[in-house]
Amino acid sequence: MFGFWKTWKALQARGIMGINRRNADYVLKYNKRSLYPIVDDKIITKERAIAAGIHVPEMYGIISTEKEIDKLDEIIGGRSDFVIKPAQGAGGDGILVIADRFEGRYRTVSGKIISHEEIEHQISSILTGLYSLGGHRDRALIEYRVVPDQIFKSISYEGVPDIRIIVLMGYPVMAMLRLPTRQSGGKANLHQGAIGVGVDLATGLTLRGTWLNNIITKHPDTTNAVDGVQLPNWDGFMKLAAGCYELCGLGYIGVDMVLDQEKGPLILELNARPGLNIQIANDCGLTLRTHAVEARLEELKAAGVTETAEERVRFAQEMFGHIPPVEG
Ligand SMILES: Nc1ncnc2c1ncn2[C@@H]1O[C@H](COP(=O)(O)OP(=O)(O)O)[C@@H](O)[C@H]1O
Ligand SMILES: [Mg+2]
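Residues numbered from 1 in each chain as written. Chains lettered and ligands numbered in written order. Predicted model: local features only at pLDDT ≥ 70, side-chain atom pairs only at ≥ 80, totals over all residues. Heavy atoms only, no water.

> Would you explain the nonpolar core in this entry?
Nonpolar side chains in soluble globular proteins generally cluster together in the buried interior. Membership of the largest hydrophobic core comes to 63 residues, with the highest contact counts inside it found for I165, L177, W234, Y252, V255, M257 and I267. For this core, the element with the most residues is helix α7 (residues 234-248), which contributes nine residues. Those residues within four positions of W234 in sequence are excluded, and the remaining contacts are I163, I165, A175, V199, D200, L201, A202, T203, G204 and Q317. The next biggest cluster of nonpolar side chains, apart from the first, holds 23 residues, and it includes Y106, I119, I142 and Y144. (Core = buried A, V, L, I, M, F, W, Y, C linked by side-chain atoms within 4.5 Å. Buried < 20%, exposed > 50% of the residue type's maximum accessible area, 1.4 Å probe, protein only. Helix = DSSP H or I, 4+ residues; strand = E, 2+ residues; numbered from the N terminus. Contact = heavy atoms within 4.5 Å.)

In structure tokens:
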């Protein structure tokens with residue numbers, strides 16, 4: 001606990017953003033209330049992304065009522081792997097990642113065998129709002145199961161790692177790779193026990209990791225180093241994240257992406273209240289960076305110009321890279 005406190009104190013000196021500042025100066029200021037449904041409902045996010053030509057895991061079907069649970073078999077078809085999740089869920093709760101079939105039952109990504117009835121029961125819980133924000137009635141979304149790129153094999157335990165980039169007014173400001181562990185049950189959510197690893201915005205090289213608020217350098221399950229890993233397709237991820245501003249209109253978001261073995265970078269979800277732990281994983285506060293972006297916006301406004309997603313990515317890489325880019 002002491003180590004964590006010391007880290008937090010040291011970060012504060014480097015412009016760490018606390019929850020009050022995040023809410024008042026960023027979430028409230030840049031995120032229009034009326035646009036929240038676009039990010040708070042994963043089905044709406046998906047529809048928007050598809051319309052904008054942004055790749056997402058394919059949607060197999062939606063179940064909105066108890067009666068429609070009968071449609072499950074039809075939606076799954078002959079597939080042996082798929083994902084069921086609450087459209088308005090958060091923090092990885094209520095998500096079922098099915099990796100295989102086993103003698104009339106299903107096998108989850110963490111090896112648990114479950115029956116068809118158990119899946120139906122899970123869907124029913126989703127519909128009643130057990131996992132939704134504010135406990136409202138919800139819909140269940142059935143989608144393609146992402147198979148992570150081989151690059152993550154040595155530093156991830158089951159499930160799918162995701163890449164989170166915080167984006168302010170279309171400018172990427174900080175990135176983190178989240179790695180599932182045995183504890184997190186194949187999900188990449190930090191409070192389920194996944195590891196957060198900082199990522200250098202300029203190069204896509206991983207920095208150090210944090211696990212349950214401790215600083216780590218090795219994955220606890222695979223024992224391989226989590227730092228110094230080159231994420232493939234880095235500029236692609238940066239551009240994808242920057243473009244999500246145009247997609248949803250919210251000015252301060254966390255963009256969660258995955259790298260599928262076959263389909264490449266995909267958007268998993270957008271978050272209007274992204275967590276602050278990303279600062280520990282990057283050993284750097286958000287405030288200095290968000291202020292730099294705000295200064296840039298002022299400058300552009302005075303000149304009467306705006307920047308494209310490519311230009312915004314270039315600005316972020318030049319300003320916020322841990323390792324300065326090589327000239328020429
Ligand atoms: N289609 C999918 N295929 C494989 N794993 C998934 C899929 N969707 C989600 N997951 C796993 O579950 C985690 C949480 O999913 P996400 O859609 O981000 O919901 P939440 O809002 O609950 O965080 C992801 O980080 C990933 O590890
Ligand atoms: Mg998520």
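Moving on from the coordinates now.
> Can you help me understand the environment of D70 in this one?
Note that D70 resides in the loop between β1 (59-63) and α5 (72-76). Overall, the relative accessible area of 66% leaves D70 in the exposed class. With 50 residues separating them in the primary sequence, D70 and E120 have C-alpha atoms 8.7 Å apart.

> Would you take a moment to explain the site of ligand 1 for this structure?
Among the 20 residues in the neighbourhood of ligand 1, the closest are listed as K42, K85, G92, E143 and E269. In the environment of ligand 1, an oxygen atom lies 3.3 Å from a nitrogen or oxygen atom belonging to the backbone of G91. The protein chains hide 98% of the 540 Å² of surface that ligand 1 would expose on its own. At the level of secondary structure, the elements contributing two or more residues to the shell around ligand 1 comprise β2 (82-86) and β13 (264-271). When residues are assigned to domains, the shell around ligand 1 turns out to be shared by domain 1 (2-40 + 149-320) and domain 2 (58-143), each giving three or more. (Near = heavy atom within 4 Å. Polar contact = N/O pair within 3.5 Å; in protein donor to acceptor, adjacent residues only side chain to side chain. Areas by Shrake-Rupley, 256 points an atom, 1.4 Å probe, with all protein chains shown as cover. Domains from an automatic or database assignment.)

> Explanation requested: the sheet that holds strand β3 (residues 96-102) in the structure shown.
In any sheet, the strands associate via hydrogen bonds between backbone groups, in a parallel or an antiparallel arrangement. On the basis of which strands lie adjacent, the open sheet formed by six strands has the order β1-β6-β2-β3-β4-β5 and antiparallel pairing. Strands with a single pairing partner mark the edges of an open sheet, and in this sheet they are β1 and β5 (113-114). As paired strands, β2 and β3 are joined by three bridges and run antiparallel to one another. Bridge assignment links F82 to a residue of β3, and that residue is I98. On top of the sheet, helix α4 (residues 42-51) reaches β1, β2 and β6 (140-143); it is set at about 45 degrees to β6, its chief contact. Lying over the sheet, helix α6 (residues 116-128) contacts β1, β2, β3, β4 (105-108), β5 and β6, oriented at roughly 30 degrees with respect to β2. (Pairing = 2+ DSSP bridges. Axes fitted to C-alpha atoms, helices over the stretch in contact; angles between N-to-C directions.)

> Is there a simple way to think about the UniProt feature "domain: ATP-grasp" (unreviewed entry) in the protein chain in this case?
The sites that UniProt annotates as "domain: ATP-grasp" (unreviewed entry) are residues 46-297. Secondary structure across residues 46-297 comprises 22% helix and 29% strand; the distance between its end C-alpha atoms is 29 Å. (UniProt positions renumbered as here; feature names shortened; annotations may be inferred.)

> Please clarify how the side chain of N282 should be interpreted in this entry.
With respect to the element layout, N282 can be found in helix α8 (residues 278-282). One polar contact links the side chain of N282 to the main-chain carbonyl oxygen of A175, over a distance of 2.9 Å. Those residues within four positions of N282 in sequence are excluded, and the remaining contacts are M174, A175, G198, V199, L207 and H322.

> Any chance you could explain the packing of α7 against helix α10 (residues 309-320) here in plain terms?
The axes of two packed helices give the description: the angle between them and the distance between them. Where α7 meets α10, the axes come as close as 9 Å, and the angle between the chain directions of the two elements is 120 degrees. One element, α7, and the other, α10, form an angle in the oblique class. Along this stretch, α7 crosses α10, giving a crossing that reads as right-handed. Facing W234, D235, M238, K239, A242, G243 and E246 of α7, the residues of α10 in contact are A309, E310, R312, V313, A316 and Q317. Across the contact of α7 with α10, the residue classes break down as six nonpolar, two polar and five charged. (Parallel < 35°, antiparallel > 145°, perpendicular 65-115°, else oblique. Left-handed = near helix turned anticlockwise from the far one by under 90°. Nonpolar A, V, L, I, M, F, W, Y, C, P; charged D, E, K, R; others polar.)

> Teacher, can you tell me more about the domain arrangement of the protein chain here?
Where interface size is given, it is often the accessible area lost as the parts come together that is meant. Its domain assignment divides the protein chain into domain 1 (2-40 + 149-320) and domain 2 (58-143). Look at where the C-alpha atoms of domain 1 and domain 2 centre, and you get two points 28 Å apart. On the side of domain 2, 11 residues touch domain 1, which itself brings 10 residues to the contact. Taken over both partners, the interface formed by domain 1 and domain 2 buries close to 790 Å², and the fraction arising from carbon and sulfur atoms is 47%. When the buried surface of domain 1 facing domain 2 is broken down by residue, D40, E158 and K187 rank first, second and third, together holding 46% of it. In this structure, the connection of domain 1 to domain 2 is made through zero salt bridges. (Buried area = accessible area lost by both parts, 1.4 Å probe. Salt bridge = Lys/Arg side-chain N within 4 Å of Asp/Glu carboxyl O.)

> When you look at the pairing of β4 in this model, what are you seeing that I'm missing?
Strand residues, when the strand is regular, have side chains that alternate between the two faces of the sheet. Side chains of β4 alternate between two faces, with Y106 and T108 buried and R105 and R107 left unburied. As defined by bridge partners, β3 adjoins β4 across four bridges and the pair is classed as antiparallel. Residue pairing for β4: R101 is matched across the bridge by Y106. Connecting β3 to the next strand, β4, in antiparallel fashion are two residues, including E103 with a positive phi near 45 degrees. Between β4 and β5, which pair antiparallel one after the other, the connecting turn spans four residues, and G111 there sits at a positive phi close to 95 degrees.

> Please explain the sheet that holds strand β10 (residues 206-211) as it appears in this structure.
Ordered by their spatial adjacency, seven strands build an open sheet running β11-β10-β9-β8-β7-β12-β13, and the pairing between neighbours is antiparallel. Both outer strands of the open sheet, β11 (214-216) and β13, are each paired with one neighbouring strand and no more. Averaged over all pairs of adjacent strands, the angle between strand axes in this sheet comes to 30 degrees, irrespective of strand direction. As defined by bridge partners, strand β7 (residues 162-168) adjoins strand β8 (residues 171-179) across seven bridges and the pair is classed as antiparallel. Note that in β8 the partner of I165 across the bridge is A175.

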